[in-house]
Number of protein chains: 2
Amino acid sequence: MTAPLPGARTDPDVVRAFARDESSLLDAGTPRAVVSPANVAEVREVMRWASAERVPVLVRGAGTGLSGGALAVAGCVVLSTDRLTAVRELDPNDRVAVVEAGVVNAALNEQARAFGLMWAPDPSSWATSTVGGNVSTNAGGLRCLRYGATRANVLGLEVVLADGRVLNTGGRTVKRSAGYDLTQLLVGSEGTLAVVTAVVAKLLPLPPPQVTALATFGSTVDAAAAATAVMRSGCTATLLELIDAATVAAVDAFRGTGFGESVGAVLVAQVDDVAATAGLLDGVLREHGAVDVMTTADEAEGRELLDVRRAAYPAMQRIGRVLVEDVAVPVSRLAELIAAAETAAADHGLLIATVAHAGDGNAHPLLVVPPGADGEQRAWAAADAVFAAAQRLGGTVSGEHGIGRLKKRWLAQEVGETSLDVQRGLKNVFDPLNILNPGAVL
Amino acid sequence: MTAPLPGARTDPDVVRAFARDESSLLDAGTPRAVVSPANVAEVREVMRWASAERVPVLVRGAGTGLSGGALAVAGCVVLSTDRLTAVRELDPNDRVAVVEAGVVNAALNEQARAFGLMWAPDPSSWATSTVGGNVSTNAGGLRCLRYGATRANVLGLEVVLADGRVLNTGGRTVKRSAGYDLTQLLVGSEGTLAVVTAVVAKLLPLPPPQVTALATFGSTVDAAAAATAVMRSGCTATLLELIDAATVAAVDAFRGTGFGESVGAVLVAQVDDVAATAGLLDGVLREHGAVDVMTTADEAEGRELLDVRRAAYPAMQRIGRVLVEDVAVPVSRLAELIAAAETAAADHGLLIATVAHAGDGNAHPLLVVPPGADGEQRAWAAADAVFAAAQRLGGTVSGEHGIGRLKKRWLAQEVGETSLDVQRGLKNVFDPLNILNPGAVL
């Protein structure tokens, strides 16, 4: 018989609501309870209880993850960060904020904006997803092309270890070479090593006014080559997004944009609105096969051009149920990756439209799950082919969404047995009882 | 009786030459041998031998380290990377180079420059120090203000584990969220976790032409406040260096620069030569207490202004034997840190001049070791006071030089027992026999 867990909610509706993230395919187990600790002391209490009782703990932010990193195992306790929402400190001079794990990305940005600053990580879910969730998956986004993914924007962490001890890592300095970088080890560990309770977030000055360019190409090969050229050119793009032909067609149908069938791919880029840079971008695009280039320094017009990219997901959702994938390759191999996705779509008889953070070689194939009993199976077979292609091209099965429970098999083949062996050893240092998100990642 | 180690050199002169780095204070032990493996297979052979014989191994790059990270323990084998010098690959489209650990920073930059690219980490030792050495200490430099320290510029590693297995971490993609980030754990681990044999280096486009500004201030307080303002302003400085009054006086004496006693501090900054940015920099400096501001877009003139900063170390070396320290604080606390160094100098009767990578809050107090038997002891007592001040101000005892053997005591008080406990656990996963640089860092 187990000891009572203070604050545990066991109402079946509550428990069900906290049992899964936004990933597809795998079912969640039924948690025994949900707890929402309001401070570090309460998190410690939960972990001491869980260690004593040997009960698995699943840390959950907003539940927007797509890789099954927040899928409950049966009988676990879900530790929700929904009450860890304090912005403990925001120091504009040091450009640092200390925020609790449950603070929503948008909320932190709103506070930072008042000082001319921003928290750079901008996953698509930024309006609802949490800073702690970003840390968990090392989330990226559009502008991480320029500012780096979450890991580049975290200076330190406050975490509670599996046994209930508090560990503070890193600190408030931008530079630090003092012992092993536990901060970096914890970023991207998907709740398997420790419970992140607070984040020392690096803030950056808001970017200056931007010039937005939208360029059409005859093919993804041309567009990807142009993206590679932009990245070599030194024009420091703030974002550089690619939309393939299938996406363009879906957006045309959804928004009436009228690109038409001759457009094989679109690139959307933003750079600082300074003559040298904007001119360089325009020149590079035109020299590298762009058919048409629209450029604007007007903010509203720029937003409209970028909306073509942002419309991709809703446009695809109108067609059917969409499985969002996440692979990354060296930037010069992006066209080959998209071609592999097209082949997989044909082989398995489904629609795959690909959008990509082209400057980082990070592609999101959007797979439309076909109707019928074997639809999901066919979608996953196609995804499997895309994963294999990413790895064959020197890439990875996750650029920014994480491994979770969905991609464990592919992680093993990507990193190899020696790496897995070391990673299991690290897991054991932090979580010898294997109670933190057991079965995820490794 | 131990088995023979192939390729071992035991000539006392050779052994002595490889026994230590450029740190002061601690004596090195006498290694039993030096080996210079020419490839990964030979490194594996050394590690298998060392594991079987339980012999400590000290990995050594160019030996330019300042924290005693490459000080031999008696009876160890020094594994020199001086024959691991192949640039295996340099791909300008992916902006990636795969280089062996012993490749000199300057050599990699020379090859990259032919493609309009660079390897950003630029420690002062860059002309002779190695890429592997940068990885070992997470080395920084002047321009890491803009491009990040070594850790931000490494995409993957090839390492040989203590037991001789090869581990490949990361890869050639800019983004990756696939399992624990072993690359980041290994960067900055100072040869205590594994032998780095090759580095997947992220290359960046060369910066555009720069505007250089040199501003004089009445005090370090004013100069540091201006540095903080520059960092908040969004003008994206490529470098931002501070020179305190003691350094200005030494440079005046050495180079005849004629700043004079009224100058309490100097800032040197570089930004991209675009009107918006250069104007912003000039304005921010003037609004924040600059007495005189000299600005130039001419490359040679810019180099002359920057030479004022570069002259600091040779200027101090003319005065006496210099101990270079390395501490970092949140940027708004820099003036307090420099004041603490001045107090320590007065308390212990020696000269301390401080130069700082001001934008990152990373200061290098240059301590002139007083003549006499107790000179070194007094210098270290003063350094101790500076370390304590850095920690009190929310900073660290190492911004970019590492902990090595010299700063272990201070690391313990900086990170605390829980962190040390976890770090010892990690060390044990990688090096259960404790043969890799034993006694360093932890």
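What counts and how
- Residues numbered from 1 in each chain as written.
- Chains lettered and ligands numbered in written order.
- Predicted model: local features only at pLDDT ≥ 70, side-chain atom pairs only at ≥ 80, totals over all residues.
- Heavy atoms only, no water.
- Buried < 20%, exposed > 50% of the residue type's maximum accessible area, 1.4 Å probe, protein only.
- Helix = DSSP H or I, 4+ residues; strand = E, 2+ residues; numbered from the N terminus.
- Pairing = 2+ DSSP bridges.
- Contact = heavy atoms within 4.5 Å.
- Buried area = accessible area lost by both parts, 1.4 Å probe.
- Salt bridge = Lys/Arg side-chain N within 4 Å of Asp/Glu carboxyl O.
- Nonpolar A, V, L, I, M, F, W, Y, C, P; charged D, E, K, R; others polar.
- Axes fitted to C-alpha atoms, helices over the stretch in contact; angles between N-to-C directions.
- pLDDT = per-residue confidence, 0-100.
- Least-squares fit on C-alpha atoms with pLDDT ≥ 70 in both.
- Disulfide = S-S within 2.5 Å.
- Domains from an automatic or database assignment.
- Polar contact = N/O pair within 3.5 Å; in protein donor to acceptor, adjacent residues only side chain to side chain.
- Parallel < 35°, antiparallel > 145°, perpendicular 65-115°, else oblique.
- Left-handed = near helix turned anticlockwise from the far one by under 90°.
- Arc of directions from axis to C-beta.

1. Examining the pairing of strand 13 (residues 265-272) of chain A
Residues and elements named next belong to chain A.
- Of all eight residues making up strand 13, eight are buried, and the element is well covered by its neighbours.
- By the bridge criterion, eight bridges tie strand 11 (residues 210-217) to strand 13 in an arrangement that is antiparallel. Looking across to strand 13, one finds that A215 is bridged to L267.
- As judged from the six bridges shared by strand 12 (residues 239-244) and strand 13, these two strands associate in the antiparallel manner. Bridge pairing in strand 13 places L239 opposite Q270.

2. Points about the interface of chain A and chain B
- Taken together, the contact pairs 72 residues of chain A with 72 residues of chain B.
- Summed over both sides, the interface of chain A with chain B buries roughly 5800 Å², with 58% coming from carbon and sulfur.
- Looking only at chain A, the three residues that lose the most surface to chain B are K175(A), Y180(A) and R232(A), adding up to 17% of its buried area.
- The interface formed by chain A and chain B holds ten salt bridges in total.
- The salt bridge involving R165(B) is made with D421(A); its shortest N-O contact spans 2.9 Å.
- Broken down by secondary-structure element, the contributors of at least two residues to the side of chain A that touches chain B are strand 8 (166-170), helix 6 (182-186), helix 7 (220-233) and helix 14 (408-430) of chain A.
- Sort the elements by how many residues they give to the side of chain A that touches chain B and helix 14 of chain A lands first, with twelve residues.
- Of the residues in the side of chain A that touches chain B, the class split is 28 nonpolar, 30 polar and 14 charged.

3. Regarding the environment of V59(B)
- Within the fold, V59(B) resides in strand 2 (residues 57-60).
- The residues touching V59(B), leaving out its near neighbours within four places in the chain, are L79(B), T81(B) and V195(B).

4. A closer look at the pairing of strand 11 of chain A
Residue and element names in this part refer to chain A.
- Burial analysis of strand 11 places eight of its eight residues in the buried class, which makes it a mostly covered element.
- With burial as the criterion, each face of strand 11 is covered, one bearing Q210, T212, L214 and T216 and the other bearing V211, A213, A215 and F217.
- Bridging between strand 11 and strand 14 (residues 292-296) involves five bridges; their strand directions are antiparallel. Counterpart to L214 in the pairing with strand 14 is M294.

5. Topic: the sheet that holds strand 7 (residues 154-160) of chain B
Residues and elements named next belong to chain B.
- Read across the open sheet, the five strands follow the order 4-5-9-7-8; overall the sheet is antiparallel. The open sheet is flanked by strand 4 (87-91) and strand 8 (166-170), the only strands paired with a single partner. Between one strand axis and the next, the sheet turns through 15 degrees on average, direction left out of account.
- As paired strands, strand 4 and strand 5 (residues 96-100) are joined by four bridges and run antiparallel to one another. By the bridge assignment, E89 is partnered in strand 5 with V98.
- Strands in contact with helix 2 (residues 40-53) are strand 4, strand 7, strand 8 and strand 9 (195-202); relative to strand 7, the strand with the most contacts, it is inclined by about 55 degrees.
- Taken strand by strand, helix 3 (residues 105-113) contacts strand 4, strand 5 and strand 9, and its axis lies near 35 degrees from that of strand 4.

6. Section: the confidence of the model for chain A
- Summary statistics for chain A give a mean pLDDT of 96 and a share of 100% for residues scoring 70 or more.
- Listed scores for the predicted complex are pTM 0.98 and ipTM 0.97.

7. Here's the deal with the relation of the copies chain A and chain B
- When chain A is fitted to chain B, the best match, at an RMSD of 0.0 Å, comes from turning it 180 degrees and sliding it 0.0 Å along the axis. Both copies of the chain, as the preceding transformation shows, are related through a two-fold rotation axis.
- When you check the interface residues of chain A against chain B, 100% turn up at the interface there too, and the contact is symmetric in its surfaces.

8. Some details on the state of the cysteines
Residue and element names in this part refer to chain A.
- Under the definition given, this model contains zero disulfides over all chains.
- Unpaired in this structure, C144 has its nearest cysteine sulfur neighbour in C235, at a distance of 17 Å.
- Exposure remark for C235: the relative accessible area of 2% places this residue in the buried category.

9. Focus on the domain arrangement of chain A
Residue and element names in this part refer to chain A.
- Structurally, chain A comprises domain 1 (12-80), domain 2 (87-205), domain 3 (207-318) and domain 4 (320-412).
- The C-alpha-based centres of domain 2 and domain 3 are spaced at 30 Å.
- Residue-level contacts link seven residues of domain 2 with 13 residues of domain 3.
- In total, domain 2 and domain 3 occlude about 790 Å² of area from one another, counting both sides; carbon and sulfur atoms represent 61% of this.
- Together, L142, L145 and R146 form the three largest contributors to the area buried by domain 2 at its contact with domain 3, with a combined 78%.
- With a shortest N-O distance of 2.7 Å, R146 and D272 are connected by a salt bridge.
- Our enumeration of links across domain 2 and domain 3 arrives at two residue pairs in polar contact (both at pLDDT 80 or more).
- The leading source of residues in the side of domain 2 that touches domain 3 is helix 5 (residues 144-147), at three residues.
- Of the residues belonging to the side of domain 2 that touches domain 3, the class tally is five nonpolar, no polar and two charged.

10. Considerations on helix 8 (residues 245-255) of chain A
All names here are of chain A.
- Taken residue by residue, helix 8 has T247, V248, A250, V251 and D252 as its buried positions.
- Looking at the buried positions of helix 8, the neighbouring elements they touch are strand 12, strand 13, helix 10 (299-310), helix 11 (312-317) and strand 17 (352-357).
- Positioned one or two residues after helix 8, G256 has a phi angle of 65 degrees, which is positive.

11. Considering the packing of helix 13 (residues 375-392) of chain A against helix 14 of chain A
Residues and elements named next belong to chain A.
- Interaxial distance between helix 13 and helix 14 falls to 11 Å at its minimum, and their mutual angle equals 20 degrees. On the basis of the axis angle, helix 13 is roughly parallel to helix 14. In this structure, helix 13 crosses over helix 14, and the sense of that crossing is right-handed. On helix 14, the residues touching W380, D384, F387 and Q391 of helix 13 are R409, W410, Q413 and E414.

12. Quick notes on the side chain of H401(A)
- Within the element layout of this structure, H401(A) appears in the loop between helix 13 and helix 14.
- By relative accessible area, which is 16% here, H401(A) ends up buried.
- Apart from the residues within four sequence positions on either side, H401(A) is in contact with L66(A), S67(A), T137(A), V324(A), E325(A), D326(A), H364(A) and S177(B).

13. Topic: helix 3 (residues 105-113) of chain A
Residue and element names in this part refer to chain A.
- For helix 3, the full list of buried residues reads N105, A106, L108, N109 and A112. Projected down its long axis, helix 3 shows its buried positions confined to an angular sector of 160 degrees, all on one face.
- Where helix 3 is buried, its residues contact strand 4 (87-91), strand 5 (96-100), strand 6 (117-118), helix 4 (131-137) and strand 9 (195-202).

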